[in-house]
Amino acid sequence: MDRRQRKTREAIFSAFIDLLSQKDLVQITVGEIIKKADVGRATFYSHFETKDYLLKELCGELFCHIFDATNDNSNHAHIFHCDAPDSVFLHLFQHLQKNDNRILQLFSCQNNDLFLRYFKENLRKMVIGQLPLFDDRKSDKLPETFWIDHICSTFVETLRWWIDHGMQEPPETITEYFYLAV
(Lines give C-alpha, C1' and ligand atoms only; values in the text may rest on other atoms or scores of the structure.)
Protein backbone atom coordinates (compact mmCIF):
# COMPACT_ATOMS: atom_id res chain seq x y z
CA MET A 1 0.00 0.00 0.00
CA ASP A 2 1.47 3.35 -0.99
CA ARG A 3 1.51 6.43 1.23
CA ARG A 4 -1.55 8.01 -0.39
CA GLN A 5 -3.63 4.86 0.07
CA ARG A 6 -2.46 4.54 3.67
CA LYS A 7 -3.42 8.18 4.41
CA THR A 8 -6.85 7.65 2.87
CA ARG A 9 -7.36 4.51 4.89
CA GLU A 10 -6.30 6.30 8.09
CA ALA A 11 -8.69 9.19 7.34
CA ILE A 12 -11.56 6.72 6.91
CA PHE A 13 -10.61 4.90 10.13
CA SER A 14 -10.44 8.18 12.04
CA ALA A 15 -13.81 9.38 10.73
CA PHE A 16 -15.37 6.02 11.53
CA ILE A 17 -14.01 5.94 15.10
CA ASP A 18 -15.31 9.45 15.67
CA LEU A 19 -18.78 8.52 14.39
CA LEU A 20 -18.82 5.31 16.46
CA SER A 21 -18.23 7.37 19.58
CA GLN A 22 -21.36 9.39 18.79
CA LYS A 23 -23.90 6.85 17.59
CA ASP A 24 -24.71 3.19 16.97
CA LEU A 25 -23.12 1.39 14.05
CA VAL A 26 -26.51 0.83 12.41
CA GLN A 27 -27.16 4.58 12.46
CA ILE A 28 -23.90 5.45 10.67
CA THR A 29 -24.08 5.75 6.90
CA VAL A 30 -21.30 5.40 4.39
CA GLY A 31 -22.21 8.95 3.33
CA GLU A 32 -21.40 10.25 6.81
CA ILE A 33 -18.10 8.39 6.85
CA ILE A 34 -16.95 9.70 3.46
CA LYS A 35 -18.05 13.26 4.29
CA LYS A 36 -16.15 13.24 7.59
CA ALA A 37 -13.10 11.57 5.99
CA ASP A 38 -13.27 13.90 2.98
CA VAL A 39 -13.03 11.07 0.45
CA GLY A 40 -15.23 10.03 -2.45
CA ARG A 41 -17.68 7.15 -2.39
CA ALA A 42 -15.68 5.21 -5.00
CA THR A 43 -12.55 5.69 -2.88
CA PHE A 44 -14.34 4.34 0.18
CA TYR A 45 -15.55 1.27 -1.71
CA SER A 46 -12.12 0.67 -3.23
CA HIS A 47 -10.88 0.17 0.35
CA PHE A 48 -13.92 -1.36 2.09
CA GLU A 49 -16.91 -3.35 0.84
CA THR A 50 -19.23 -2.28 3.69
CA LYS A 51 -19.10 -0.43 6.98
CA ASP A 52 -19.11 -3.81 8.79
CA TYR A 53 -16.06 -4.75 6.75
CA LEU A 54 -14.57 -1.36 7.71
CA LEU A 55 -15.02 -2.19 11.41
CA LYS A 56 -13.47 -5.62 10.90
CA GLU A 57 -10.51 -4.08 9.04
CA LEU A 58 -10.09 -1.40 11.70
CA CYS A 59 -9.96 -4.05 14.39
CA GLY A 60 -7.55 -6.06 12.27
CA GLU A 61 -5.22 -3.08 11.96
CA LEU A 62 -5.41 -2.30 15.66
CA PHE A 63 -4.87 -5.88 16.75
CA CYS A 64 -2.38 -7.14 14.18
CA HIS A 65 0.01 -4.44 15.32
CA ILE A 66 -0.02 -5.88 18.81
CA PHE A 67 -0.23 -9.52 17.83
CA ASP A 68 2.52 -9.24 15.21
CA ALA A 69 4.80 -8.10 18.01
CA THR A 70 4.31 -11.45 19.74
CA ASN A 71 6.19 -13.13 16.91
CA ASP A 72 9.02 -10.64 16.62
CA ASN A 73 10.01 -8.16 19.31
CA SER A 74 11.51 -5.66 16.86
CA ASN A 75 9.98 -2.41 15.67
CA HIS A 76 6.76 -2.94 13.81
CA ALA A 77 4.38 -0.58 12.09
CA HIS A 78 0.85 -0.69 10.86
CA ILE A 79 -1.28 2.31 11.80
CA PHE A 80 0.91 2.42 14.93
CA HIS A 81 4.64 2.64 15.44
CA CYS A 82 6.43 1.76 18.65
CA ASP A 83 9.05 -0.34 20.34
CA ALA A 84 7.26 -3.37 21.73
CA PRO A 85 8.09 -4.37 25.31
CA ASP A 86 8.80 -7.97 26.25
CA SER A 87 5.29 -8.57 27.58
CA VAL A 88 2.53 -8.59 24.96
CA PHE A 89 0.02 -7.83 27.72
CA LEU A 90 2.01 -4.77 28.83
CA HIS A 91 2.26 -3.74 25.17
CA LEU A 92 -1.50 -3.80 24.83
CA PHE A 93 -2.03 -1.83 28.06
CA GLN A 94 0.53 0.76 26.88
CA HIS A 95 -1.39 1.36 23.66
CA LEU A 96 -4.62 1.62 25.57
CA GLN A 97 -3.08 4.18 27.92
CA LYS A 98 -1.80 6.25 25.00
CA ASN A 99 -5.28 5.87 23.47
CA ASP A 100 -3.74 5.22 20.06
CA ASN A 101 -6.26 5.87 17.31
CA ARG A 102 -8.79 6.65 20.03
CA ILE A 103 -9.10 2.94 20.77
CA LEU A 104 -10.69 3.71 24.14
CA GLN A 105 -13.66 5.20 22.30
CA LEU A 106 -14.18 1.80 20.70
CA PHE A 107 -14.14 0.09 24.09
CA SER A 108 -16.62 2.50 25.59
CA CYS A 109 -18.83 3.29 22.60
CA GLN A 110 -22.36 2.01 22.06
CA ASN A 111 -20.97 -0.50 19.55
CA ASN A 112 -18.50 -2.16 21.85
CA ASP A 113 -20.11 -5.63 21.64
CA LEU A 114 -18.97 -6.07 18.04
CA PHE A 115 -15.61 -4.46 18.79
CA LEU A 116 -15.15 -6.67 21.86
CA ARG A 117 -15.97 -9.75 19.80
CA TYR A 118 -13.15 -8.94 17.37
CA PHE A 119 -10.89 -7.99 20.27
CA LYS A 120 -11.56 -11.26 22.10
CA GLU A 121 -10.96 -13.33 18.94
CA ASN A 122 -7.52 -11.79 18.59
CA LEU A 123 -6.84 -11.84 22.33
CA ARG A 124 -7.65 -15.56 22.37
CA LYS A 125 -5.04 -16.22 19.67
CA MET A 126 -2.50 -14.19 21.63
CA VAL A 127 -3.28 -15.99 24.90
CA ILE A 128 -2.84 -19.37 23.20
CA GLY A 129 0.66 -18.24 22.19
CA GLN A 130 1.36 -17.08 25.75
CA LEU A 131 0.03 -20.13 27.67
CA PRO A 132 3.46 -21.13 29.00
CA LEU A 133 3.40 -17.94 31.11
CA PHE A 134 0.47 -19.38 33.04
CA ASP A 135 1.44 -23.08 33.23
CA ASP A 136 2.26 -22.97 36.92
CA ARG A 137 -1.23 -21.62 37.72
CA LYS A 138 -3.35 -24.05 35.72
CA SER A 139 -5.03 -26.95 37.46
CA ASP A 140 -4.80 -30.27 35.64
CA LYS A 141 -8.56 -30.60 36.17
CA LEU A 142 -9.34 -27.63 33.90
CA PRO A 143 -9.89 -28.19 30.19
CA GLU A 144 -7.49 -26.06 28.15
CA THR A 145 -10.32 -24.23 26.36
CA PHE A 146 -11.80 -23.22 29.73
CA TRP A 147 -8.37 -22.01 30.89
CA ILE A 148 -7.86 -19.93 27.74
CA ASP A 149 -11.32 -18.37 28.10
CA HIS A 150 -10.60 -17.64 31.77
CA ILE A 151 -7.36 -15.82 30.95
CA CYS A 152 -9.09 -13.81 28.20
CA SER A 153 -11.99 -12.89 30.49
CA THR A 154 -9.59 -11.86 33.24
CA PHE A 155 -7.73 -9.62 30.81
CA VAL A 156 -10.93 -7.97 29.53
CA GLU A 157 -12.27 -7.43 33.05
CA THR A 158 -8.90 -6.04 34.21
CA LEU A 159 -9.03 -3.65 31.28
CA ARG A 160 -12.61 -2.59 32.08
CA TRP A 161 -11.72 -2.01 35.73
CA TRP A 162 -8.72 0.10 34.69
CA ILE A 163 -10.79 2.21 32.30
CA ASP A 164 -13.66 2.58 34.82
CA HIS A 165 -11.18 3.82 37.46
CA GLY A 166 -9.68 6.48 35.21
CA MET A 167 -6.57 4.52 34.18
CA GLN A 168 -4.69 5.98 37.14
CA GLU A 169 -2.27 3.07 37.44
CA PRO A 170 0.61 2.86 34.96
CA PRO A 171 0.47 0.02 32.40
CA GLU A 172 3.18 -1.85 34.29
CA THR A 173 1.05 -1.93 37.44
CA ILE A 174 -2.15 -2.97 35.65
CA THR A 175 -0.20 -5.72 33.87
CA GLU A 176 0.98 -6.94 37.27
CA TYR A 177 -2.64 -6.89 38.53
CA PHE A 178 -3.65 -8.97 35.53
CA TYR A 179 -0.91 -11.56 36.17
CA LEU A 180 -1.88 -11.73 39.84
CA ALA A 181 -5.58 -12.22 39.02
CA VAL A 182 -5.06 -15.14 36.66
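This text follows the structure it describes.
A quick note: this is a predicted structure, and the numbers were derived from the prediction, not measured.

### Points about the pattern of salt bridges
And step 1. Evaluated as defined, the whole model comprises seven salt bridges.
And step 2. Close ionic contact of Glu 121 with Arg 117 constitutes a salt bridge, the shortest N to O distance being 3.9 Å. With Glu 121 and Arg 117 both in helix α7 (residues 112-130) and four residues apart, the pair spans about one turn of that helix.
And step 3. Judged by relative accessible area, Arg 117 falls into the partly exposed class, the value being 45%.
And step 4. Across the pair Glu 157 and Arg 160 runs a salt bridge whose closest N-O atoms are separated by 3.7 Å. Of the two residues, Glu 157 and Arg 160 are both situated in helix α8 (residues 144-164); the distance of three residues between them amounts to about one turn of the helix.

### Comments concerning the environment of Leu 20
And step 1. Structurally, the position occupied by Leu 20 is in helix α1 (residues 3-20).
And step 2. Residue Leu 20 is classed as buried on the basis of its relative accessible area, which comes to 1%.
And step 3. Sequence separation between Leu 20 and Leu 55 is 35 residues; the distance between their C-alpha atoms is 9.8 Å.

### Some remarks on helix α9 (residues 171-181)
Given 3.6 residues per helical turn, the α-helix brings residues three or four places apart onto the same face.
And step 1. Burial in α9 covers these residues: Pro 171, Ile 174, Thr 175 and Phe 178. Taken around the axis of α9, the buried residues stretch over an arc of 105°, which confines them to a single face.
And step 2. Looking at the packing, one finds that the buried side of α9 touches α5 (88-98) and α8.

### A look at the side chain of Lys 51
And step 1. Relative to the elements of secondary structure, Lys 51 occurs in helix α4 (residues 51-68).
And step 2. Although buried, Lys 51 forms no salt bridge, and the nearest oppositely charged side chain, Asp 52, lies 6.2 Å from it.
And step 3. Once residues within four sequence positions are removed from consideration, Lys 51 is found in contact with Phe 16, Leu 25, Val 26, Ile 28 and Ile 33.

### Regarding α8
And step 1. End to end, α8 covers 30 Å across 21 residues, agreeing with the expected 30 Å (1.5 Å per residue, within 8%).
And step 2. Of the residues making up α8, those classed as buried are Trp 147, Ile 148, Ile 151, Cys 152, Thr 154, Phe 155, Val 156, Thr 158, Leu 159 and Trp 162.
And step 3. Looking one or two residues past α8, Gly 166 carries a phi angle of roughly 75°, positive in sign.

### Description of the nonpolar core
And step 1. Core analysis: the biggest nonpolar cluster contains 24 residues, and Phe 89 and Leu 123 have the highest contact counts within it.
And step 2. Taken together, the elements giving at least two residues each to this core come down to α5, α7, α8 and α9.
And step 3. Take this core: its biggest share by element is eight residues, from α8.
And step 4. In this view, Phe 89 contacts Leu 123, Met 126, Val 127, Gln 130, Leu 133, Phe 134, Phe 155, Thr 175, Phe 178 and Tyr 179; residues no more than four positions away in its chain are not counted.
And step 5. Among the nonpolar cores identified, the runner-up in size contains 23 residues, and Leu 20, Val 39, Leu 62 and Tyr 118 belong to it.

### Digging into the environment of Glu 169
And step 1. The topology assignment puts Glu 169 in the loop between α8 and α9.
And step 2. Overall, Glu 169 belongs to the buried group, its relative accessible area being 17%.
And step 3. Residues Glu 169 and Gln 97, spaced 72 residues apart in sequence, show a C-alpha to C-alpha distance of 9.6 Å.
And step 4. Sequence-distant contacts of Glu 169, that is, excluding residues within four places in its chain, are made with Gln 97, Trp 161, Trp 162 and Tyr 177.

Calculation notes
- Residues numbered from 1 in each chain as written.
- Predicted model: local features only at pLDDT ≥ 70, side-chain atom pairs only at ≥ 80, totals over all residues.
- Heavy atoms only, no water.
- Salt bridge = Lys/Arg side-chain N within 4 Å of Asp/Glu carboxyl O.
- Helix = DSSP H or I, 4+ residues; strand = E, 2+ residues; numbered from the N terminus.
- Buried < 20%, exposed > 50% of the residue type's maximum accessible area, 1.4 Å probe, protein only.
- Arc of directions from axis to C-beta.
- Contact = heavy atoms within 4.5 Å.
- Lys, Arg positive; Asp, Glu negative; His and termini not counted.
- Expected span 1.5 Å × (residues − 1).
- Core = buried A, V, L, I, M, F, W, Y, C linked by side-chain atoms within 4.5 Å.

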